[in-house]
Amino acid sequence: SRQITQLYGFYDECLRKYGTASVWQTFTNLFDYLPLAALVEAQVFCPHGGLSPSIDTLEQIRALDRVQEIPHEGPMCDLMWSDPDDIHGWGISARGAGYVF
């Protein structure tokens, strides 16, 4: 999300290198189009971050309206920010977005 890119320094880096926020804006607009996950050889599921308790099938992922900023909650957020952990089931992520599983 745009907020995350600012928090972790991408916005400042763009300003420092290019002297304008327009480069950052172009990149963040582009990020809204990038896939959240890929299926390799129809066998290996590769999400950006992790899994979501509200998604059971690949069709549910394909049905998501991807062309938008990642919301702060919901299945898109989960795919982006959830992380594997040594727990059984689902837990709240300490990062404040997504889950641990």
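Rules of the game
Along each chain, numbering runs from 1 in the same order as the chain's sequence is written. At least 70 in pLDDT is required for a residue's local features to be given in this predicted model, at least 80 for side-chain atom pairs to be given and counted, and no such filter applies to totals for whole chains, interfaces and linings, which use all residues. In computing side-chain properties, one takes all heavy atoms of the structure into account and sets aside hydrogens as well as water. Strands here are runs of E lasting at least two residues and helices are runs of H or I lasting at least four, both read from the DSSP assignment and numbered beginning at the N terminus. Note on exposure labels: buried denotes an accessible area under 20% of the residue type's maximum, exposed denotes more than 50%, and partly exposed covers the range between, all computed with a 1.4 Å probe on protein chains only. Here a residue-residue contact requires only that any non-hydrogen atoms of the pair lie within 4.5 Å. Two aromatic rings from Phe, Tyr or Trp, using only the six-membered ring of Trp, form a pair when their centres are within 6.5 Å; if the ring planes differ by under 30 degrees the pair is stacked, by over 60 it is edge-to-face, and anything between is tilted. For two strands to count as paired, DSSP must find a minimum of two bridges between them. Each patch groups residues whose relative accessible area exceeds 30% and which form no salt bridge, using 9 Å between like charges and 5 Å between nonpolar side chains of Val, Leu, Ile, Met, Phe, Trp and Tyr. Accessibility throughout is a Shrake-Rupley quantity obtained with a 1.4 Å probe, and a residue counts as covered only by protein chains that appear here. We count a salt bridge whenever a side-chain nitrogen from Lys or Arg sits within 4 Å of a carboxyl oxygen from Asp or Glu. As used in this record, nonpolar core signifies buried Ala, Val, Leu, Ile, Met, Phe, Trp, Tyr and Cys residues forming a set joined through side-chain atoms within 4.5 Å.

Asks: Is there a simple way to think about the side chain of Thr28 in this case?
Replies: Here Thr28 is to be found in helix H3 (residues 22-31). With relative accessibility at 2%, the residue Thr28 sits in the buried group. Not counting residues up to four positions away in its chain, the partners in contact with Thr28 are Arg2 and Thr5.

Asks: How do you make sense of the packing of aromatic side chains when you look at a structure like this?
Replies: Describing an aromatic ring pair means giving the distance of the ring centres and the angle of the ring planes. Under the defined criterion, the tally for this structure stands at six aromatic pairs. Look at Phe10 and Phe31: their rings are 6.0 Å apart centre to centre, the planes differ by 40°, and that puts the pair in the tilted class. Of this pair, Phe10 sits in helix H2 (residues 10-18) while Phe31 sits in helix H3, and the two are 21 residues apart along the sequence. The interplanar angle of 90° and the centroid separation of 4.9 Å between the aromatic rings of Tyr11 and Trp24 together place this pair among those described as edge-to-face. In this pair, Tyr11 is assigned in helix H2 and Trp24 in helix H3, connecting sequence segments 13 residues apart. Through pairs of rings, three or more aromatic residues link up here, namely Phe10, Phe27 and Phe31.

Asks: Looking at this structure, how should I read the pairing of strand S1 (residues 37-40)?
Replies: One face of the sheet, then the other: side chains in a regular strand alternate in exactly this way. With four bridges joining them, S1 and strand S2 (residues 44-47) adopt antiparallel strand pairing. The residue of S2 that forms the bridge with Leu39 is Phe45. Linking two consecutive strands that pair antiparallel, namely S1 and S2, is a turn of three residues; a positive phi of about 55° is found at Glu41 within it.

Asks: What's the story with a nonpolar patch on the surface in this structure? I'm lost.
Replies: Judged by side-chain polarity, Phe27, Leu30, Phe31 and Leu34 come together as a nonpolar surface patch covering roughly 330 Å² of accessible area. When its relative accessible area of 30% is taken as the criterion, Phe31 is described as partly exposed.

Asks: What exactly am I supposed to notice about the nonpolar core here?
Replies: Side chains of nonpolar character tend, in soluble globular proteins, to be buried together. Among the nonpolar cores identified, the biggest contains 10 residues, and these are Leu36, Ile55, Ile61, Ile70, Met76, Cys77, Leu79, Met80, Trp81 and Ala97. Looking at this core, the element that brings in the most residues is helix H5 (residues 75-81), giving five residues. If near-sequence neighbours (up to four positions away) are discounted, Ile55 is found in contact with Gln60, Ile61, Leu64, Pro75 and Leu79.

Asks: Hey, could you run me through the environment of Thr5 in this one?
Replies: Following the sequence through the fold, Thr5 ends up in helix H1 (residues 2-7). Of the residues examined, Thr5 reaches a relative accessible area of 13% and is grouped as buried. For the pair Thr5 and Trp24, spaced 19 residues apart in sequence, the C-alpha separation works out to 8.9 Å. In this structure Thr5 touches Phe10, Tyr11, Trp24, Thr28 and Phe31, once residues within four positions along its chain are discounted.

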